[in-house]
Amino acid sequence: MNNIAAEFWGTTRKYFGVPPENPEIGKRKDPMKTHTVEKIGGTSMSDYSAVRDNIILKNGKAKTEGLYQRVFVVSAYGGITDMLLEHKKSGRPGVFALFAGADDEREWSDAVAGLRTRMEEINATLFKDDVTLAKANAFIGERLDDAANCLADLERVCQHGHFALEGHLDVVSEMLASLGEAHSAWNTVQLLKQEGINARFIDLTGWRDGEHMTLDERIDRAFADVDFDKELPIATGYAHTADGLMKTFARGYSEMTFSRIAVKTGAKEAIIHKEYHLSSADPRLVGEEQAVPIGRTNYDVADQLANLGMEAIHPRAAKGLRQQEIPLRVMNTFEPEHRGTLVTGDYVSDTPRVEIIAGRKSIYAVECFDQDMMGSMTSYDRAINEIIARFKGSVVTKDINANTITNYLGNNLKTVKRIKKAIGELFPDCDIQVRKVAVVSAIGSDMKTSGMLSRAVSALANSAISILAVHQSMRQVDMQFVIDESDYEKSVKSLHAALVEVHEHGDAICAA
């Protein structure tokens, strides 16, 4: 057993890194605020031609506007992180989820084999010459082999009673998450070099580097000698940190990396390239003609969208940009001529109005009723919050009255059932009801005008939609309506027609 443990810890030190006694962190150059830091989403990354032509070459403008003075932070190719961890929406297990919950090694090892096949398929679509294709397969193949060896060692060690698998799962998720961005970043650098572009691979994953650092320290070191005038850095969206980026930010880790690179290198603007415009509503629901691309908005609105799972940027990532007064631009990869949405801290619409109708389906309302809550609401609420946090529950909104607390959770049913069970064990007299609902929200940088809530309620009532709950804070940047899930599409259309389509949107079609 001692030999197995020694083998595991040796492998762990080699691939996960160990704290240095006296780390010498590289120092970045003084920021000149002449460059941009740009993040490319997974769906966009899956279309290399669009990334090259529309983003890197600026839709043909790179020759006149310049090719360099930009940093790119890339996500994994579409679907890869789902295969590595678990499907973000359906909860279908990936390598990590299978490893964490499986009794049979074949389940997760088969998933690794399937992941390898998929990554090599992607490589084959990108590299047409056999030599470069072999190098691409060898690069990611070596990391997959390393990861599989670590998992096998850990599994053997944890068969011994002194080692608990749960204590290592955070590190495992970090290691696996890093594979997707390393794959896409390395490939992108090789492809751009073939185009005659001096691209540089910035590997923030900490693979085999033997040191734990903070995120800022890792960025400082990686960019210490980058020449922004002559090099095009392509950085991994995942960065290895002492505290664990996945543990802190979950699937929003790449946006945190992007944000801190912008802050630490003194970017003049941060840009996110997505496969869609940030619009007044989902065009698939309200129609292409009715949906209006949002030209300007603020970070407060971006936070409300993130709460509904429609992230323009993770709230913690937005915080750094906001504090450093770095504007954020959200652009559509496939419409490069459009200047996108400019997000700043100080923007307020010229007149009070609703800018966006957004929402989320598959929300579970967990209603806890207990007559004993009266007078003890704070302790009940605290205890329920701790249970939700323990199971990594995502609270979209909540409401409270004298004897009832209802949390609206954006989690899968399996997690919700675990939360319900734990609450029931702690409060055996509590009547707990779970119902699947949807949340639709009207959001704007300034909605402080009388009658807006009544117009929204009337619009839903006129469409024969029953409102289960309503939430509006004194800050008045959003109104939330809890409805039956079957009424979701109709609710979005009704609210958009009544609150958005009635306004002129002259400043919405072009960002300043």
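You'll find the structure just up there.
Residues numbered from 1 in each chain as written. Predicted model: local features only at pLDDT ≥ 70, side-chain atom pairs only at ≥ 80, totals over all residues. Heavy atoms only, no water.

So what about the packing of helix α8 (residues 130–157) against helix α9 (residues 169–194)? Which residues, and what values?
Packed helix pairs are specified by the crossing angle of their axes together with the interaxial distance, meaning the distance between the axes. Look at α8 against α9: their axes get within 10 Å of each other, and the N-to-C directions meet at 170 degrees. Taken together, α8 and α9 sit at an angle that is classed as roughly antiparallel. Residues Thr 132, Lys 135, Ala 136, Phe 139, Ile 140, Arg 143, Leu 144, Ala 147, Cys 150, Leu 151 and Leu 154 of α8 form the contact with α9, whose participating residues are Val 172, Met 175, Leu 176, Leu 179, Ala 182, His 183, Trp 186, Asn 187 and Gln 194. Class assignment for the residues of the contact of α8 with α9 results in 14 nonpolar, four polar and two charged. (Axes fitted to C-alpha atoms, helices over the stretch in contact; angles between N-to-C directions. Helix = DSSP H or I, 4+ residues; strand = E, 2+ residues; numbered from the N terminus. Parallel < 35°, antiparallel > 145°, perpendicular 65-115°, else oblique. Contact = heavy atoms within 4.5 Å. Nonpolar A, V, L, I, M, F, W, Y, C, P; charged D, E, K, R; others polar.)

Explain the side chain of Thr 341 residue by residue, including any values.
By the element assignment, Thr 341 lies in strand β8 (residues 341–344). Accessibility expressed as a relative area gives 1% for Thr 341, which makes it buried. A distance of 2.4 Å separates a polar atom in the side chain of Thr 341 from the backbone oxygen of Ile 294. (Buried < 20%, exposed > 50% of the residue type's maximum accessible area, 1.4 Å probe, protein only. Polar contact = N/O pair within 3.5 Å; in protein donor to acceptor, adjacent residues only side chain to side chain.)

Describe helix α18 (residues 452–462), and please don't skip the residues or the numbers.
Along α18, the positions that sit buried rather than exposed are Met 452, Ala 456, Ala 459 and Leu 460. Within α18, the buried residues cover an arc of 95 degrees as seen down the axis, which keeps them to one side. Looking at the buried residues of α18, the elements they touch are β13 (467–472), β14 (478–484) and α19 (488–499). Ala 464 sits one or two positions beyond α18 and adopts a positive phi of about 60 degrees. (Arc of directions from axis to C-beta.)

So what about the nonpolar core? Which residues, and what values?
Judged by nonpolar contacts, the single largest core of 90 residues is most densely connected at Leu 176, Phe 223, Ile 261, Leu 321 and Leu 328. With 12 residues, the single largest contributor to this core is α9. When near neighbours in sequence (up to four residues on either side) are disregarded, Leu 328 contacts Phe 258, Ala 270, Ile 271, Ile 272, Tyr 299, Ile 313, Leu 321, Thr 341, Leu 342 and Val 343. Ile 465, Ile 483, Tyr 488 and Val 492 belong to the second largest nonpolar core, which has 23 residues in total. (Core = buried A, V, L, I, M, F, W, Y, C linked by side-chain atoms within 4.5 Å.)

So what's going on with the sheet that holds strand β12 (residues 431–443)? Residues and values would help.
The strand order across the open sheet built from six strands is β10-β11-β9-β12-β14-β13, with neighbouring strands paired in antiparallel fashion. Since the sheet does not close on itself, it has two edges, and those belong to β10 (395–400) and β13, each with one partner. Going across the sheet, the axis of each strand differs from the next one's by a mean of 25 degrees, ignoring polarity. Both β13 and β14 contribute to a ladder of five bridges, which runs antiparallel. Within β14, the position partnered with His 471 by the bridge is Gln 480. Set on the sheet, α18 makes contact with β13 and β14; between it and β14 the angle comes to about 20 degrees. (Pairing = 2+ DSSP bridges.)

Keep in mind that these numbers describe shape and distance, not what the molecule does.
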